[in-house]
Amino acid sequence: MDKTLNDYLETVERSLKPLPVSERVDIVKEIKSEMLELQGGGKTAGEIVERLGDPKALAKAYLGDLIAEGGAFSGKRVLALCAYYSLAGLSGMFVIPVLAICAPVFILCAAVAPISGAVKLIDALFGLGIPFAARVGIAGIENPFAVFVLSIVLGAALYLIGWGCWRLLLRYIRGVSSVKQRLPR
């Protein structure tokens, strides 16, 4: 392979550094096979690099696809998100961290709210004297049954907000990651 193409691949690999080695290798192999296919079709190194575009933008597109595939929250996706964030533009420097922080925080609060309401209700029913259970309340409402019901409603609302933040983050990343579409298929 030509030095220009090797340099291009090295830049892509450096841009993917936060990812696990196996993920980086798979992405670089895919790009390299596309380069070899284009070379076999008579394209020069310059034409191939021009067709693929900026190596950092291509790496960002692969990271965006890696983050956006599926919908579950995982460590692999967090690493990809960190790498993507390092390549994101000015808008990404605000949008990505805000949504990436809000989604898990709202989901965590969605779990804590009904648990707190249940603790207050159990404390009131059995007179256990659980520390700080008396301080649990929603909008000044102190009735344990009302607090429990409202905490479930609040938990559901917080979960929906967190889920919405996560979906917005994925939509943003998909929208920004359109560079990969230039690869031949």
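Residue positions are counted from 1 within each chain, in the order its sequence is given. Given that the model is predicted, a residue must reach a pLDDT of at least 70 before its local features are reported, and side-chain atom pairs must reach 80 or more before they are shown or counted; all residues, however, enter totals for whole chains, interfaces and linings. With hydrogens and water stripped out, all remaining heavy atoms of the structure feed into the side-chain values.

Caption draft 1: Region of the structure containing unusual backbone geometry. Backbone geometry at Phe132 places phi at a positive 70°, although glycine is not the residue there. Residue Phe132 is classed as exposed on the basis of its relative accessible area, which comes to 59%. Here Ala139, not a glycine, exhibits a phi torsion of approximately 55°, which is positive. Helix and strand assignments follow DSSP, with helices taken as H or I runs no shorter than four residues and strands as E runs no shorter than two, numbered in order from the N terminus. Among the structural elements, Ala139 can be located in the loop between helix 6 (92–126) and helix 7 (144–176). Each residue is placed in one exposure class: buried if its accessible area under a 1.4 Å probe, protein chains only, is under 20% of its type's maximum, exposed if it is over 50%, and partly exposed if it falls in between. Residue Ala139 is classed as exposed on the basis of its relative accessible area, which comes to 77%.

Caption draft 2: Structural context of a nonpolar patch on the surface. The grouping of Ile115, Val119, Ile122, Leu125, Phe126, Leu128, Ile130 and Phe145 at the surface amounts to a nonpolar patch, some 770 Å² of accessible area in total. The element that contributes the greatest number of residues to the nonpolar patch is helix 6, accounting for 5 residues. Within the element layout of this structure, Phe145 appears in helix 7. Each patch is assembled from residues with relative accessible area greater than 30% and no salt bridge, linking like charges that lie within 9 Å and nonpolar side chains (Val, Leu, Ile, Met, Phe, Trp, Tyr) that lie within 5 Å. The accessible surface values rely on the Shrake-Rupley method and a 1.4 Å probe; as for residues, cover is taken only from the protein chains in view. A pair is scored as a salt bridge if a Lys or Arg side-chain nitrogen falls within 4 Å of a carboxyl oxygen belonging to Asp or Glu.

Caption draft 3: Fine view of the environment of Gly164. Along the chain, Gly164 turns up in helix 7. Judged by relative accessible area, which is 23%, Gly164 ranks as partly exposed. Taking the C-alpha atoms as reference points, Gly164 and Ala103, separated by 61 residues in sequence, lie 7.5 Å from one another.

Caption draft 4: Spotlight on the packing of helix 1 (residues 3–15) against helix 3 (residues 45–52). Packing of helix 1 against helix 3 brings their axes to within 9 Å, and their N-to-C directions diverge by 25°. Between helix 1 and helix 3, the angle falls in the class roughly parallel. As for how helix 1 packs across helix 3, the hand of that crossing is left-handed. Note on element contacts: helix 3 touches helix 1 through Ala45, Ile48, Val49 and Leu52, opposite Thr4, Leu5 and Tyr8. Class assignment of the residues belonging to the contact of helix 1 with helix 3 gives a composition of 6 nonpolar, 1 polar and no charged. Between N-to-C directions, angles span 0 to 180 degrees; the directions come from axes that are lines fitted to C-alpha atoms, helices contributing only their stretch in contact. Orientation labels follow simple angle bins: below 35 degrees gives roughly parallel, above 145 gives roughly antiparallel, 65 to 115 gives roughly perpendicular, and whatever is left gives oblique. For a crossing to be left-handed, the near helix must be turned anticlockwise from the far one by less than a right angle; the clockwise case is right-handed. The contact rule is simple, with two residues in contact once any of their heavy atoms fall within 4.5 Å. Only Asp, Glu, Lys and Arg are considered charged, only Ala, Val, Leu, Ile, Met, Phe, Trp, Tyr, Cys and Pro nonpolar, and every remaining residue, Gly among them, polar.

Caption draft 5: Up close: helix 2 (residues 21–40). End to end, helix 2 covers 28 Å across 20 residues, agreeing with the expected 28 Å (1.5 Å per residue, within 8%). Residues of helix 2 that are buried include every one of Glu23, Arg24, Ile27, Val28, Ile31, Glu34, Met35 and Leu38, and no others. One side of helix 2 holds all its buried residues, which, seen down the axis, span an arc of 125°. Along helix 2, the residues that are exposed and aim more than 90 degrees away from the buried face are Val21, Lys29 and Gly40. One or two residues past the end of helix 2 sits Gly42, with phi positive at roughly 95°. In this analysis, the expected span of each helix is defined as 1.5 Å times one less than the number of residues it contains. Directions are taken from the helix axis to each C-beta atom, and the arc is the one they span.

Caption draft 6: Expanded view of helix 3. Within helix 3, burial applies to Ala45, Ile48 and Leu52. Seen from one end, helix 3 has its buried residues packed into an arc of 65°, which puts them on one side. Gly53 lies just past helix 3 and shows a positive phi near 85°.

Caption draft 7: Structural detail: the environment of Ala45. Mapping Ala45 onto the fold places it in helix 3. Each C-alpha atom, one on Ala45 and one on Asp2, is 6.8 Å from the other, the two residues being 43 residues apart in sequence. Dropping the residues within four chain positions of it, Ala45 is found in contact with Asp2, Thr4 and Leu5.

Caption draft 8: Spotlight on the environment of Ile122. For Ile122, the position within the fold is in helix 6. A C-alpha to C-alpha distance of 9.8 Å links Ile122 and Phe148, two positions 26 residues apart in sequence. In this structure, Ile122 is in contact with Gly127 and Leu128, ignoring residues within four places of it in sequence.

On their own, these measurements won't tell you what the molecule is for.
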